[in-house]
Amino acid sequence: MIHQRECPVETLIHVLGGKWKPMILWHLIESKKRFNDLEKLIPDVSQKMLSQHLRDLEREGIVDRTVYPAIPPKVEYSLSEYGRTLIPVAEVMCVWGENHNKRKYEEPAS
């Protein structure tokens, strides 16, 4: 049985939870990326975690995975139409993070 979450924030955390999913989302906003591109943009993520998070996001309908018939195989990831609805959420999170960093590093020492 699928557990229906009562709190919308819990749903958001379930879908975008994990250290790397918001970063993946952020990098896919500007353009589609190949797996290696995402590895370079998020250097601390392991291949296993990147692959797992991309699969999770694809399963949730946030990310589209396009496989091109080529040798070697070419796979690109992009935000789905539904995933693009998260852009305003990501932008607000970015602004909040910038403001938090300013507050954190500009506060006078007590």
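Residues numbered from 1 in each chain as written. Predicted model: local features only at pLDDT ≥ 70, side-chain atom pairs only at ≥ 80, totals over all residues. Heavy atoms only, no water.

Novice: Honestly, the environment of Glu10 in this entry has me stumped. Any pointers?
Specialist: Within the element layout of this structure, Glu10 appears in helix α1 (residues 8–16). The exposure class of Glu10 is partly exposed, given its relative accessible area of 36%. Spatially, the C-alpha atoms of Glu10 and Leu57 are 16 Å apart, while their sequence positions differ by 47 residues. (Helix = DSSP H or I, 4+ residues; strand = E, 2+ residues; numbered from the N terminus. Buried < 20%, exposed > 50% of the residue type's maximum accessible area, 1.4 Å probe, protein only.)

Novice: Looking at this model, I keep getting lost on the pairing of strand β2 (residues 63–68). Mind explaining?
Specialist: The side chains of a regular strand alternate, first on one face of the sheet and then on the other. Pairing analysis gives 6 bridges linking β2 to strand β3 (residues 74–79), with the strands arranged antiparallel. Bridge pairing in β3 links Tyr68 to Lys74. Hairpin connection, β2 to β3: the antiparallel pair is bridged by 5 residues. (Pairing = 2+ DSSP bridges.)

Novice: Is there a simple way to think about the layout of surface pockets in this case?
Specialist: Empty pockets left among the atoms are what a rolling probe the size of a water molecule brings to light. Of the voids in this model, the largest pocket is the one considered here, and its volume is about 240 Å³. Considering the residues around the largest pocket, the lining is formed by Lys19, Trp20, Pro22, Met23, Leu25, Trp26, Ala90, Met93, Cys94, Gly97 and Glu98. At the level of elements, α2 (21–30) and α5 (87–106) are the ones that each hand at least two residues to the lining of the largest pocket. (1 Å grid on protein atoms, 1.4 Å probe; cavity = no way out; pocket = protein on both sides within 12 Å on 5 of 7 lines; lining within 4 Å. Points joined across faces, edges and corners; volume = space filled by probe spheres on them.)

Novice: Explanation requested: the packing of α2 against α5 in the structure shown.
Specialist: A packed helix pair is summarised by two numbers, namely the angle formed by the two axes and the spacing between the axes. Here α2 crosses α5 at 110°, and the two axes come no closer than 10 Å. Our classification of the angle between α2 and α5 gives roughly perpendicular. Handedness of the crossing formed by α2 with α5: left-handed. Contacts between α2 and α5 involve Pro22, Leu25, Trp26 and Ile29 from the first element and Ile87, Ala90, Glu91, Met93 and Cys94 from the second. (Axes fitted to C-alpha atoms, helices over the stretch in contact; angles between N-to-C directions. Parallel < 35°, antiparallel > 145°, perpendicular 65-115°, else oblique. Left-handed = near helix turned anticlockwise from the far one by under 90°. Contact = heavy atoms within 4.5 Å.)

Novice: Would you mind showing me how to read a nonpolar patch on the surface here?
Specialist: A contiguous nonpolar patch, built from Leu12, Val89 and Met93 and spanning about 210 Å² of accessible area, is present on the exposed surface. By the secondary structure assignment, Val89 is in helix α5. (Patch = residues over 30% accessible without salt bridge, like charges linked within 9 Å, V, L, I, M, F, W, Y side chains within 5 Å. Areas by Shrake-Rupley, 256 points an atom, 1.4 Å probe, with all protein chains shown as cover. Salt bridge = Lys/Arg side-chain N within 4 Å of Asp/Glu carboxyl O.)

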